[in-house]
Amino acid sequence: MKQLSDYNFLSPEVLKCPYEFYKLARENSPVMELPSELVGSKLFLVTSYDLVKEILLNVEVFSSHFSHLMGGKEAQSPEVEEIAARGWPPVNTLLTADPPEHKRFRSLVNQAFTPSRVNKMEDHIRLTVDELIDSFIDQGECEFINSFAVPLSIKVIAKQLGVPAQDLEKFKKWSDASVAGLGRTLSKEQEIESALDVLALQNYLNEKIEQCKKQPGDDIITDLVQAKVEGVRSLNTAELISIIQQLLVAGNETITNALAGGMLLLIQHPEQMALVQEAPDRIENLVEEVLRLETPTAAMWRIVKKDTELAGVNIPEGSVLLLRFDSASRDQKIFPDGEKFEVCRSNAANHLAFSHGAHFCVGAALARKEMLIAYEQLLKRLKNIRLAADKNDLNHFQNIILRGLKHLYIEFEKADPLLK
Ligand code: HEM
C-alpha cells in the first residue's frame, strides 16, 4: 500500500494521473507543503472540497494577486521583459484582481456577458457543431480535438468577440500563447516565443478596440468599449486588453479540453454512453459529471495575505496556495464513489470546476451551453463511437493548472439520418 510520502506530486507520472495521490492527500494531509522552487515562496497544496471552498469564499485572507505566477518561470528574464515592455502593461482586472477593483470590472463584464446574449448564441453554436460534424462524418473516423473541439470553442468565442473567420487561426495560436506559461513548465525559448505571440495579440486587440470605437458592432468588445466604470469613466486600452484576453483564453482551451475529456469518458464507459443515448435529457447532467471528473481548469493559485492556519497547518503570510479543483470535485465526502463516472449522479453539478464565490467563472453559462449542444448532436448523429485502434497514447499536456488530452482519435458509424 502506497503512502503519501511515496509520491512526488510534481513528477510527470503523478501529474498524468494524480487521483490516487489526491485521495491519500484528502484523507491524511488536505493541506500539504510542496517544494517551494516552483513559485519562489512557501507553497501548499489544498485538496479537499470543504477547504478549497472555504478559501475561495475568504477573499480577505486569500488573495488573487497571483499575476506573477501566470507569466511562466522566465517572466522576469530580460528578454521576456523587453518584449512585454513593447505591449500594454498587465492590469489586474478579473482573474488576478481583489476587491474592490475586481467587483468594478466584474460587474461590467457581467453586463456584457448576460444570459440573454448566451441564449442568442444558441443557433450559431448548433450550426457550427453541425458543420463540424458534417466535415468528418463520412470518413467514419477523426481526430476529435483538432476536427471538433478546438474549432468549436474558438469559433464560438471569436464570434462573441466579433473576430472575423479569416483571423481565427492566428487567434488560436495567440490564445494558446497566453496560457502557455501557466503550467510553469516552459523552456526560456518557448517563453520568448509566447511573449511575442501575446504582444501580437495585444496589437490585434488594440486595432479591434479602435475599430469598435469608430464603428460599434453587436459584440462584446463594443459593449466593453461603451461601458462606464462605476458609471463614470470608460475602460482604458490596457484594461480592455486585459479583460478581452481573459475572455478569449478562458473560453478557448477549457471548453476544448472538457469536450475531449468527456468524449473519452463516454467511450471508456459504453454503458454510461448508452444511458444518455437512450434518454438525451440526461445530457445536461452528463455535462456536469464531465466537468466534475475532467475539471479542465484543474487548479488555481491564491496568495495568503496574513498568517493563518488551515486544517492544523500554519501558513505564513506570503505563502502560495495551489487549490486543486480536480481533487475537490472527487472528494468522497461530497461525491459518494467520487472516482466513478455516473451520468445520473444526483449532485454532479456541485463540482468546483467553475470555482466558487467572487471569481466564479464568467463563461460558465456559455461553456455549459456549448457542451450540451455538442454532446446532443454528436450522440445523435454518430453511433458506436470508439477509440481508433493503435493511434491513441492518451497523453495529456504537462501543465499543473490546465488539464487536457493532446489527441483523441475516434471511429464511429453514421446514425440513421432520419433521427437527425
Ligand atoms: C469548461 C469551460 C470552463 C471552465 C472549466 C472554466 C473555469 C474557470 C475557473 C475555475 C475560474 C475561476 C478561477 C479562480 O477562482 O481563480 C474561471 C474564471 C473565469 N472564466 Fe472560466 N471556465 C470555462 C469557460 C469559460 C468561458 C467560455 C469564458 C468566457 C467566454 C470564461 C471566462 C472566465 C473569466 C473571464 C474568468 C475570471 C473571472 C473572475 O476572476 O472574476 N471561462 N473559469
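If you're wondering where the values come from, they're calculated on a predicted model, not measured in any experiment.

Enquirer: Would you mind going over the site of the ligand with me for this structure?
Expert: Near the ligand, the surroundings consist of 26 residues, among which His102, Arg106, Ser355, His359 and Cys361 are the closest. At a separation of 3.3 Å, an oxygen atom of the ligand approaches a polar backbone atom of Leu95. Within the contact set of the ligand, an oxygen atom lies 2.7 Å away from a side-chain nitrogen or oxygen of Ser355. Those elements that place two or more of their residues in the shell around the ligand are helix H5 (101-112), helix H12 (237-250), helix H13 (253-268) and strand S7 (299-304). Looking at the shell around the ligand residue by residue, the class counts come to 17 nonpolar, seven polar and two charged.

Enquirer: Would you take a moment to explain the packing of helix H15 (residues 283-294) against helix H17 (residues 364-381) for this structure?
Expert: Helices that pack against each other are described as a pair by the angle of their axes relative to one another and the distance between those axes. Here H15 crosses H17 at 115 degrees, and the two axes come no closer than 9 Å. In this structure, H15 crosses over H17, and the sense of that crossing is right-handed. Contacts between H15 and H17 pair Ile283, Glu284, Leu286, Val287, Glu288, Val290 and Leu291 from the former with Arg368, Met371, Leu372, Tyr375, Glu376 and Leu379 from the latter. Across the contact of H15 with H17, the residue classes break down as nine nonpolar, no polar and four charged.

Enquirer: What should I look at first to understand the sheet that holds strand S1 (residues 31-34) in this one?
Expert: One key point about sheets: their strands pair by backbone hydrogen bonds, in either a parallel or an antiparallel sense. Spatially, the five strands line up as an open sheet ordered S1-S2-S10-S7-S3, and their pairing is mixed. The sheet is open, and its two edges are formed by S1 and strand S3 (62-63), each paired on a single side. Both S3 and S7 contribute to a ladder of two bridges, which runs antiparallel. Bridge pairing in S7 links Ser63 to Ile303. Contacting S1, strand S2 (43-46), S3, S7 and strand S10 (320-324), helix H3 (residues 49-57) crosses the sheet at an angle of about 125 degrees to S10.

Enquirer: Sorry, what's going on with the pairing of S7 here?
Expert: Looking along a regular strand, one sees the side chains alternate between the two faces of the sheet. Counting buried positions along S7 gives six out of six residues, so the element sits mostly inside the fold. Both faces of S7 are covered, namely the face carrying Ala299, Trp301 and Ile303 and the face carrying Met300, Arg302 and Val304. Of the strand pairs in this sheet, S7 and S10 are connected by five bridges, and their pairing is antiparallel. Looking at S10, one finds that Ile303 is bridged to Val320.

Enquirer: Explanation requested: the pattern of salt bridges in the structure shown.
Expert: Between side chains of opposite charge, a pair can form when the charged atoms approach closely. Per the stated rule, a full pass over the model turns up 30 salt bridges. For Lys173, the salt bridge goes to Asp197, with nearest N and O atoms at 3.1 Å. Of this pair, Lys173 sits in helix H9 (residues 168-180) while Asp197 sits in helix H10 (residues 188-214), and the two are 24 residues apart along the sequence. We classify Lys173 as partly exposed; its relative accessible area is 45%. Taking relative accessible area as the criterion, Asp197 reaches 12% and is therefore assigned buried. We note a salt bridge from Glu294 to Arg403, for which the minimum N-O separation is 3.5 Å. With a gap of 109 residues between them, Glu294 in helix H15 and Arg403 in the loop between strand S11 (382-387) and strand S12 (409-414) connect regions that are remote in the sequence. Accessibility assignment for this pair places Glu294 and Arg403 in one class, buried. Residues participating in the shared-partner salt-bridge network are Glu122, Arg126, Lys369 and Glu376.

Enquirer: Sorry if this is basic, but what is going on with the environment of Tyr375 here?
Expert: Residue placement: Tyr375 occurs in helix H17. Take Tyr375: its relative accessible area is 0%, and that puts it in the buried class. The contact partners of Tyr375, leaving out residues within four places of it in the chain, are Ala258, Leu259, Gly262, Met263, Leu266, Ile283, Leu286, Val287 and Val290.

What counts as what
Residues numbered from 1 in each chain as written. Predicted model: local features only at pLDDT ≥ 70, side-chain atom pairs only at ≥ 80, totals over all residues. Heavy atoms only, no water. Near = heavy atom within 4 Å. Polar contact = N/O pair within 3.5 Å; in protein donor to acceptor, adjacent residues only side chain to side chain. Helix = DSSP H or I, 4+ residues; strand = E, 2+ residues; numbered from the N terminus. Nonpolar A, V, L, I, M, F, W, Y, C, P; charged D, E, K, R; others polar. Axes fitted to C-alpha atoms, helices over the stretch in contact; angles between N-to-C directions. Left-handed = near helix turned anticlockwise from the far one by under 90°. Contact = heavy atoms within 4.5 Å. Pairing = 2+ DSSP bridges. Buried < 20%, exposed > 50% of the residue type's maximum accessible area, 1.4 Å probe, protein only. Salt bridge = Lys/Arg side-chain N within 4 Å of Asp/Glu carboxyl O.

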